[in-house]
Amino acid sequence: DVKVTQSSRYLVKRTGEKVFLECVQDMDHENMFWYRQDPGLGLRLIYFSYDVKMKEKGDIPEGYSVSREKKERFSLILESASTNQTSMYLCASNLQGALGGYTFGSGTRLTVV
Amino acid sequence: DAKTTQPNSMESNEEEPVHLPCNHSTISGTDYIHWYRQLPSQGPEYVIHGLTSNVNNRMASLAIAEDRKSSTLILHRATLRDAAVYYCIPVGNTGKLIFGQGTTLQVKP
């Protein structure tokens, strides 16, 4: 089974800090995705990547950036964390786009104080 | 991206079949229909996907209408562990999963 591992389950950061959320998958998947999930708003796509060094904006990219230096690792970066970025962050990976299933990590609950 | 309509919530009794409907009338001809579920405090989990034909796997069955404007996820014997939010998502060439609000399934013992 494919594993998608997110480095932290819970994270507390201060306003203005630079925050890195790490995601690693172990099955050589081309596609990786970052979502956030908030009550009443559901899961929303932040950024995604089809290959190393590639990135595409999702529906809510403002305040975020991403890095994909190696195929297995996709990092979400909050350049200057704000309280409205307190959320559950979920990473996913996929091999064949619409032809195959997507595997999600367990999520990182980020609190910005 | 195609829009979907799912009931907000459904109830089922344990060990009975459950039919979860999804309307996706704006789906394009090449979009696959994916279903995911999310148990409390976990990330979404892949359930099943298909294009035109009905599909079966160990978790569920997917029945796709002939005109592809709707589909139904079938859990053959619901268990307490199946209580979750179920999402129906058309997925096209971009490969993006765009989540709607889903259906919250309650399973009663």
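It should be noted that the structure appears before, not after, this text.
Notes on the structure in this doc start here. These figures come from a predicted structure and were not determined experimentally. (Residues numbered from 1 in each chain as written. Chains lettered and ligands numbered in written order. Predicted model: local features only at pLDDT ≥ 70, side-chain atom pairs only at ≥ 80, totals over all residues. Heavy atoms only, no water.)

On to the interface of chain A and chain B. For interface size, the figure often reported is the accessible area lost on association. Residue-level contacts link 21 residues of chain A with 19 residues of chain B. When chain A packs against chain B, the two sides together hide about 1600 Å² of surface, and 56% of this comes from carbon and sulfur. Taken as a group, Leu 43, Ala 98 and Tyr 102 of chain A account for 34% of the area that chain A buries against chain B, more than any other trio of residues on that side. Summed over the shared surface of chain A and chain B, the number is zero salt bridges. Connecting chain A to chain B are eight residue pairs in polar contact (both at pLDDT 80 or more). Contributions of two or more residues to the side of chain A that touches chain B are made by strand E4 (31-38) and strand E5 (42-49) of chain A. Considering only residue class, the side of chain A that touches chain B consists of twelve nonpolar, seven polar and two charged. (Contact = heavy atoms within 4.5 Å. Buried area = accessible area lost by both parts, 1.4 Å probe. Salt bridge = Lys/Arg side-chain N within 4 Å of Asp/Glu carboxyl O. Polar contact = N/O pair within 3.5 Å; in protein donor to acceptor, adjacent residues only side chain to side chain. Helix = DSSP H or I, 4+ residues; strand = E, 2+ residues; numbered from the N terminus. Nonpolar A, V, L, I, M, F, W, Y, C, P; charged D, E, K, R; others polar.)

This paragraph deals with the state of the cysteines. Counted according to the given criterion, the structure contains two disulfides over all chains. Here Cys 23 of chain A pairs with Cys 91 of chain A through a disulfide, and the sulfurs are 1.8 Å apart. On the S-S bond that ties Cys 23 of chain A to Cys 91 of chain A, the torsion sits near -80°, and the link is left-handed. Here the residue Cys 23 of chain A occupies a position in strand E3 (residues 19-25), and Cys 91 of chain A occupies one in strand E9 (residues 87-94), the gap between them amounting to 68 residues. Overall, Cys 23 of chain A belongs to the buried group, its relative accessible area being 0%. A residue is classified by how much of its surface remains accessible, and Cys 91 of chain A, at 0% relative accessible area, is buried. Here Cys 22 of chain B is linked by a disulfide to Cys 88 of chain B, with a sulfur-sulfur distance of 2.1 Å. Between Cys 22 of chain B and Cys 88 of chain B, the disulfide has an S-S torsion of -75° and is therefore left-handed. Highlighted residues: Cys 22 of chain B in strand E2 (residues 18-23) and Cys 88 of chain B in strand E8 (residues 84-91), separated in sequence by 66 residues. Residue classification places Cys 22 of chain B among the buried residues on the basis of a relative accessible area of 2%. (Disulfide = S-S within 2.5 Å. Buried < 20%, exposed > 50% of the residue type's maximum accessible area, 1.4 Å probe, protein only.)

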